[in-house]
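The lines below spell out each chain.
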Amino acid sequence: MSLAFIFRMATREAVKVSIGQPVLCLHSGFQLLAADKALLMKLRKNTGYTFINCKKALEKFENDIAQAESWLHEQAQKEGWAKASKLEGRKAKEGLIGLLVGNQTAAMVEVNCETDFVARNEKFQQLVKDVTLVTLAHHQNKNQSQTGYVKSVLVGDELNKLTMAEGSSLADHVALTIGRLGENMSLKRAVTLGVPAEWHIGSYVHGNISSQTKVSMGRYGALVIFQGGKDGERDTLGRKLGQHIVGEAPLSLGNMDDLPCGESETRLLPQTFLADPSRTVAQFLKGKRARVLDFVRFQCGETLGE
């Protein structure tokens, strides 16, 4: 038997095998590819990470989506902290004020970034929302038994140490957002308030950009504590007072019988009322049978102590 004959026979058998077998291989391979694609789409939707990173995670953990998601978060956190360390020291004076009023409680925070472009990014705005919610929850948990007026100010490291519902710190959350957006960010300050039942909290955020959430966000924010006012009018009263505080930037409260000092007046009550220049704030309050007890004003990027 010649070598040429043997070669022809072997080739013929190989062709038979290659024609018969691939139908199953291609079919099963198609099912696996479809499953991979469905998991990949789900993982990307759940996490927001890139297609390539999601694919890498699924391959690493043999399509176990829970392990893949956990690993992606761990890697993003590591990269975020690494990037945060590199960017630390770069000026971050842009950003947003976040404000939320609850049941006899309120929180206002300032979160900074480097540019107004990033301040308009949804991921940064989600960070501001989360910081505001965590700060208010911290106040509520800490002061459950308090019945009087409680005002707390938190800065930098105090805010960074607060924890989110899943257990990660706000510092971790900031680092993760830095890793995603590539700018330096910081938690600058926060104030929380708790008032007794007969007191009221008014609020105002200038240029509010968050219509889809209870947390208001903008460049300026104000909280005002007051008593009195008519039922059904207190929300409007609180908002007008907040608008005045944002617009006129008073530095102290003053007294109801203080005489105004003109345009340079820095006490709230003797200032000309922004919504009605024919009256002072004190005169407006007398007409509403109300009085202001305290207020807080935040301007994004301002130097503390100004």
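Summary of the structure given here. What you see is a predicted model, and the numbers here were worked out from it, not measured in a lab. (Residues numbered from 1 in each chain as written. Predicted model: local features only at pLDDT ≥ 70, side-chain atom pairs only at ≥ 80, totals over all residues. Heavy atoms only, no water.)

**Side note on unusual backbone geometry**
Thought 1: You will see that Ala249, though not glycine, has its phi angle at about 50°, which is positive.
Thought 2: Its place among the elements puts Ala249 in the loop between helix H9 (234-248) and helix H10 (281-288).
Thought 3: Its relative accessible area of 30% is what places Ala249 among the partly exposed residues.
Thought 4: Phi is positive for Arg289, close to 55°, though the residue is something other than glycine.
Thought 5: By secondary structure assignment, the location of Arg289 is in the loop between H10 and strand E8 (290-299).
Thought 6: What makes Arg289 exposed here is its relative accessible area of 74%. (Helix = DSSP H or I, 4+ residues; strand = E, 2+ residues; numbered from the N terminus. Buried < 20%, exposed > 50% of the residue type's maximum accessible area, 1.4 Å probe, protein only.)

**What about the nonpolar core?**
Thought 1: Among the nonpolar cores identified, the biggest contains 27 residues, and Val111, Phe124, Leu127, Val131, Leu170, Met185 and Leu187 are the most heavily contacted of them.
Thought 2: Contributions of two or more residues to this core are made by strand E1 (94-101), strand E2 (105-113), helix H5 (116-119), helix H6 (122-142), helix H8 (170-181) and strand E4 (186-194).
Thought 3: For this core, the leading source of residues is H6, giving six residues.
Thought 4: Those residues in contact with Leu170 that sit more than four places away from it in its chain are Val131, Val134, Leu159, Asn160, Leu162, Met164 and Leu187.
Thought 5: Counting residues in each nonpolar core, the second largest holds 18 residues, with Val224, Leu237, Val292 and Phe295 among its members. (Core = buried A, V, L, I, M, F, W, Y, C linked by side-chain atoms within 4.5 Å. Contact = heavy atoms within 4.5 Å.)

These results come straight from atomic positions and should not be treated as a statement about function.
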